[in-house]
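# Structural overview
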Amino acid sequence: MRKLVTITALAVSAFGMVPAYAQDDRPNILLVLFDDVGFSGFGAYGADARTARIDELAERGIILSRYYTSPFCGPTRAMLMTGMDNHQVGMGTLVETVTKDMRSAPGYSMRWAPDQETIGTILSDAGYQTYVSGKWGIGEIGANLPSKFGFQRSFVMDATGGGNYDAKPYLPGSHSVEWFEDGEPTTLPDDYYSSKTLVDKMIEYVDQGDPDRPFFGYLSLQAAHMPIQAPREYVDRYDGVFEAGWDEMREQRLRRLIDRGLVPPTTTLAEVPEIHRAWDDLSAEEKAVSAREMQVNAGMMEAADYHIGRLLDHLEATGQLENTIVMVLSDNGAESGQTSLDGIAGVGLSIVQWMEGFDTSFENLGQRKSVTAVGPEWASVLSAPFDLYKFYGSEGGLRVPMVVAGPGIPASGVEHAPVHVADLVPTILDVADVSYDPAQFYGRSVLPMLSGQTDITYTDDESFAFEVSGNAALYRGKWKITRNTPPLGDAQWRLYDLSVDPGETIDLSGENPALFEDMLAEYRSYAEDVGVYEVGPGEYAIEVLATNLTSKVIHKYWPHMVGFLLVIAAAGVFGLKFGRQWLRGRSA
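Residues numbered from 1 in each chain as written. Predicted model: local features only at pLDDT ≥ 70, side-chain atom pairs only at ≥ 80, totals over all residues. Heavy atoms only, no water.

### Here's the deal with the overall build of the chain
- In terms of helices and strands, the chain carries 16 helices and 15 strands.
- Taken over C-alpha atoms, the radius of gyration comes to 25 Å for the chain, in line with the 25 Å a tight globule of 588 residues would show.
- For the chain, the spread of C-alpha atoms along the three principal axes comes to 105 × 60 × 50 Å.
- Every one of the 588 residues in the chain was classed for burial, and the buried ones make up 59%.
- Restricting to contacts in the chain with at least 6 residues of sequence separation, those with at least 24 account for 73%.
- With the model as given, the accessible surface of the chain reaches about 23,900 Å², and the carbon-plus-sulfur share is 55%.
- In the chain, the 46 positive side-chain charges and the 81 negative ones have mean positions that sit 7 Å from each other. (Helix = DSSP H or I, 4+ residues; strand = E, 2+ residues; numbered from the N terminus. Rg over C-alpha atoms; globule rule 2.2 N^0.38 Å. Buried < 20%, exposed > 50% of the residue type's maximum accessible area, 1.4 Å probe, protein only. Contact = heavy atoms within 4.5 Å. Areas by Shrake-Rupley, 256 points an atom, 1.4 Å probe, with all protein chains shown as cover. Lys, Arg positive; Asp, Glu negative; His and termini not counted. Charge placed at Lys NZ, Arg CZ, Asp CG, Glu CD.)

### Here's the deal with the pattern of salt bridges
- Counted under the stated rule, the structure contains 34 salt bridges.
- Residues Asp331 and Arg77 are paired through a salt bridge, measuring 2.9 Å at the closest nitrogen-oxygen approach. Placement of Asp331 in the loop between strand 8 (324–330) and helix 10 (343–355) and of Arg77 in helix 3 (residues 73–82) is noted, with a sequence separation of 254 residues between them. For the pair Asp331 and Arg77, a shared accessibility class is recorded, and that class is buried.
- With its nearest N and O atoms 3.6 Å apart, the salt bridge here joins Lys196 to Asp191.
- Connected through salt bridges with shared partners, the residues Arg153, Glu181, Asp182, Lys201 and Glu204 form a single ionic network. (Salt bridge = Lys/Arg side-chain N within 4 Å of Asp/Glu carboxyl O.)

### Quick look at the nonpolar core
- By size, the foremost hydrophobic cluster in this structure holds 171 residues, and its most contacted members are Phe34, Tyr45, Met81, Phe216, Tyr218 and Tyr523.
- In terms of residue count, helix 9 (residues 284–317) provides more of this core than any other element does, 12 residues in total.
- Setting aside anything within four residues of it in sequence, one finds Tyr45 in contact with Phe39, Ser40, Ile63, Leu64, Leu257, Arg260, Leu262, Pro401, Met402 and Val403. (Core = buried A, V, L, I, M, F, W, Y, C linked by side-chain atoms within 4.5 Å.)

### Quick look at the side chain of Glu415
- When you line up the elements, Glu415 lands in strand 10 (residues 413–415).
- As a buried residue without a salt bridge, Glu415 has its nearest oppositely charged side chain in Arg66, at a separation of 9.4 Å.
- Within the local environment of Glu415, its side chain forms a polar contact with the backbone nitrogen of Ala417, the two atoms lying 3.1 Å apart.
- Here Glu415 is in contact with Ile62, Ile63, Leu64, Ser65, Arg66, Met449 and Asp455, once residues within four sequence places are set aside. (Polar contact = N/O pair within 3.5 Å; in protein donor to acceptor, adjacent residues only side chain to side chain.)

### Some remarks on the sheet that holds strand 13 (residues 471–476)
- Here we have four strands laid out as an open sheet, ordered 12-13-14-15, and antiparallel in their pairing. Two strands in the sheet have a free side with no partner beyond their single neighbour: strand 12 (463–468) and strand 15 (493–497). Averaged over all pairs of adjacent strands, the angle between strand axes in this sheet comes to 15 degrees, irrespective of strand direction.
- Taken together, the five bridges between strand 14 (residues 479–483) and strand 15 define a ladder with antiparallel strand orientation. Bridge pairing links Ile481 to Leu495 in strand 15. (Pairing = 2+ DSSP bridges. Axes fitted to C-alpha atoms, helices over the stretch in contact; angles between N-to-C directions.)

### A look at the layout of surface pockets
- If you add up the space inside the second largest pocket, you get close to 500 Å³.
- Looking at the lining of the second largest pocket, the element that brings in the most residues is helix 16 (residues 541–587), giving four residues.
- Residue composition of the lining of the second largest pocket, by class: 13 nonpolar, 11 polar and five charged. (1 Å grid on protein atoms, 1.4 Å probe; cavity = no way out; pocket = protein on both sides within 12 Å on 5 of 7 lines; lining within 4 Å. Points joined across faces, edges and corners; volume = space filled by probe spheres on them. Nonpolar A, V, L, I, M, F, W, Y, C, P; charged D, E, K, R; others polar.)

### Details of the environment of Asp387
- Along the polypeptide, Asp387 turns up in the loop between helix 11 (375–382) and helix 12 (395–398).
- Residue class for Asp387 comes out buried when judged on its relative accessible area of 15%.
- Between the alpha carbons of Asp387 and Pro273 there is a distance of 9.5 Å; along the sequence they are 114 residues apart.

### Regarding the domain arrangement of the chain
- Domain annotation of the chain identifies domain 1 (28–43 + 50–61 + 109–404) and domain 2 (463–530).
- Taking only C-alpha atoms into account, the centre of domain 1 sits 28 Å from that of domain 2.
- Contact with domain 1, which involves 21 residues of that partner, is made by 22 residues of domain 2.
- Both sides of the domain 1 and domain 2 interface together cover about 1,400 Å² of buried area, and 56% of this is carbon and sulfur.
- Scanning the region where domain 1 abuts domain 2 turns up one salt bridge.
- Residue Glu395 is joined to Lys480 by a salt bridge in which the shortest nitrogen-to-oxygen separation is 2.8 Å.
- Our count for the domain 1 to domain 2 interface comes out at 10 residue pairs in polar contact (both at pLDDT 80 or more).
- Counted by class, the side of domain 1 that touches domain 2 contains 13 nonpolar, five polar and three charged residues. (Domains from an automatic or database assignment. Buried area = accessible area lost by both parts, 1.4 Å probe.)

If you want it as structure tokens, here you go:
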């Protein structure tokens, strides 16, 4: 069969023709990507959010305990689409965190070459119908749209995030969120809610396709990127669920994950950063707000799960689900961003939110015109039992949930073999029976593991690595070296044994100096091969992001600032003049 497909693909390439596949019985492939969902964000992974449809897939398929991504969304998505390391395809970091010096390095162009192969181009050439609906967010806005890289139908938001009820930006200083359909700018429907509309669009594309040809559907949800938003009925279902607070609930997640066999019984929780507040130190009002924010997160996850279920039900009703491989995963660890701050920064942020028309009242949390996030303390629960979260090279940033089910995937429960996000392109090509040169990808096919032929993906002496804006890790068997940058890291390398300590609590570099140095040398080789730009102080992602946002805020709001200062000055002049007149009147 594979030889036949290869010959057909060559014929298509040679004659520039669309192949006629009569009753092509290759499986459909549905890739569902969540945004900023930490390791314990699905019900099957111990979440409090109810994700019944994802849990059903987990029961009839495989649940991975060691699936790894970049800690940044754009680089992850670039690897997910190309099977390459993110630097090899010009996405060394986010477009929001790339510096001028980085831009001079090939791995940070933020643009794909016109001939860049993606899973879309390869599958299209092989006769698949290719669709994408949802967040794209790879490099410069509009530069790498899916319509240019093999996707036959596309409805995408080309940004890191945006509103779930409208196209409103969430970052201060931004002007708009860009949406495109089939490469052309488009607008959102009046009844837009992200998970609902994105699933509706995927159903529309599938229904308009050729039923005799397989499809690859990439459903890229906004759930649960900030601003987190969900219909009130979903949010209210979690009344009281999070009143125990983040300290107790992080411990609960650890116990659930051990009970489910997703982490070893020896797992312990890392100390949380000093910036984390103790739940017991919060006032009653602060606890109510924080618990409600987490309710919004859970409600958004349940709403997304419901709409995924609508898509699965539609495929079943049209006779396509039985021949569909479904993969559900996240792009990086949980988001720790905040939408409220203390002190003068908080005053400034509140003014910007007021000027942008956000309603930040308690009653409106998670609703239209809201701008809500869970903050770092709840993010440590969502990424439990691991250390830290999105933006860091710790397990909390890199290790996320992934569930796979469908034809040829046995119900084998938890699988502990490591999987790199770049492995998914060659894996999908194997599922689709498309020939390729394994050497062309950074990743490798893990279909033999998924299909139950083996429980090994990488041998104990094989490795893979990640790097983004200085946050880095290299994995070799049970070992990991990692480096986390400021503000929550110190940019120092450490060594951990993940087989007993996935919480990364005990640095073993001093006890294993030879191994530590050997893995460091292997990382340096990787960095040179893929073109990593070694960042220095002042170039760490959080710092660059803060600088860029401040610049955008000043650029956008400087007329308002000038106007405000003129009003203050005018009031001062008027007050001074009035005061003098009043004093002269008193003297007379």
